[in-house]
Amino acid sequence: MAILEILEYPDPRLRTKAQEIQPEDFTEALQQQIDDMFETMYAAPGIGLAATQVNYHKRLFVIDISEDKSEPLVFINPEILEKRDLETNEEGCLSFPGVYAKVERAKGIKVKALDRHGEPFEIDTDEFLAIVIQHENDHINGKVFVDYLSPLKQRRIRSMLEKQQKKRQKAG
Ligand code: NI
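Residues numbered from 1 in each chain as written. Predicted model: local features only at pLDDT ≥ 70, side-chain atom pairs only at ≥ 80, totals over all residues. Heavy atoms only, no water.

**Student:** Mind showing me how you'd approach the overall build of the protein here?
**Tutor:** Counting secondary structure elements, the protein contains 3 helices and 5 strands. The helix and strand sequence of the protein, counted from the amino end, reads α-β-β-β-β-β-α-α. The C-alpha atoms of the protein give a radius of gyration of 16 Å, which matches the 16 Å a tight globule of 172 residues would have. Its C-alpha atoms put the protein at 45 × 40 × 30 Å along the principal axes. Out of the 172 residues belonging to the protein, those deemed buried represent 44%. Carbon and sulfur atoms make up 49% of the accessible area of the protein, which totals about 9400 Å². Here the protein carries 24 positive and 31 negative side-chain charges, and the mean point of each set is 11 Å from the other. (Helix = DSSP H or I, 4+ residues; strand = E, 2+ residues; numbered from the N terminus. Rg over C-alpha atoms; globule rule 2.2 N^0.38 Å. Buried < 20%, exposed > 50% of the residue type's maximum accessible area, 1.4 Å probe, protein only. Areas by Shrake-Rupley, 256 points an atom, 1.4 Å probe, with all protein chains shown as cover. Lys, Arg positive; Asp, Glu negative; His and termini not counted. Charge placed at Lys NZ, Arg CZ, Asp CG, Glu CD.)

**Student:** Please explain the nonpolar core as it appears in this structure.
**Tutor:** Considering soluble globular proteins, one finds that nonpolar side chains tend to be buried as a cluster. Grouped together as the largest cluster of nonpolar side chains are 15 residues, with contacts concentrated most on F61, I63, F75, I109, V111 and I133. Looking at this core, the elements with two or more residues in it are β2 (60-63), β4 (101-114) and α2 (128-140). Among the elements that make up this core, the one with the highest residue count is α2 (5 residues). Here V111 is in contact with F75, P78, E79, I80, L81, F121, E122, I123 and I133, once residues within four sequence places are set aside. (Core = buried A, V, L, I, M, F, W, Y, C linked by side-chain atoms within 4.5 Å. Contact = heavy atoms within 4.5 Å.)

**Student:** Looking at this structure, I do not really get unusual backbone geometry. What am I missing?
**Tutor:** Both trends apply: most residues other than glycine have a negative phi, and most peptide bonds are in trans. Following Y9, the chain continues to P10 via a peptide bond in cis, the omega torsion being 5 degrees. Relative to the helices and strands, P10 is located in the segment before α1 (28-43). With an omega of -5 degrees, the peptide bond running from A44 to P45 counts as cis. With phi around 60 degrees, N55 is a residue other than glycine that occupies positive phi space. In this fold, N55 is placed in the loop between β1 (48-50) and β2. Overall, N55 belongs to the partly exposed group, its relative accessible area being 35%. Look at N77: it is not a glycine, yet its phi comes out positive at around 45 degrees. With respect to the secondary-structure elements, N77 resides in strand β3 (residues 73-91).

Dropping the structure here:
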């Protein structure tokens, strides 16, 4: 397994709309990609990681919101079928180190997707998982959580992250 590089905002590659995974794409290489994404997410540490964030532009994301890494979930070609009620939650993102912001999303969703072996499944949840799925699903559409914030807040976050990145480049 390998730790993958996570793209950081405002990297334009985060705006890529990912492609559907085709039946013939369920190869060893895809399994490796999924394993690497879990390893990268757990190491970060994070609770969700979309393929877009590691510069792999296929409709795929991984989530594990358990405390002991015991509930890995893989979503391939996800489709949100239903959204219910609204709720505001503070969100963070591995592509935005140190940034947290309140975002309003559906409280409950019904989603269908394929698992890592191409088997279809559905999840219907009003739990925190619903928020994480919506956040990750945005990533594969080239959308990020700060898109929901005011232009002023977005500018502040962008300049803060650009400063961080410059500092790191100088140091490294
Ligand atoms: Ni994210």
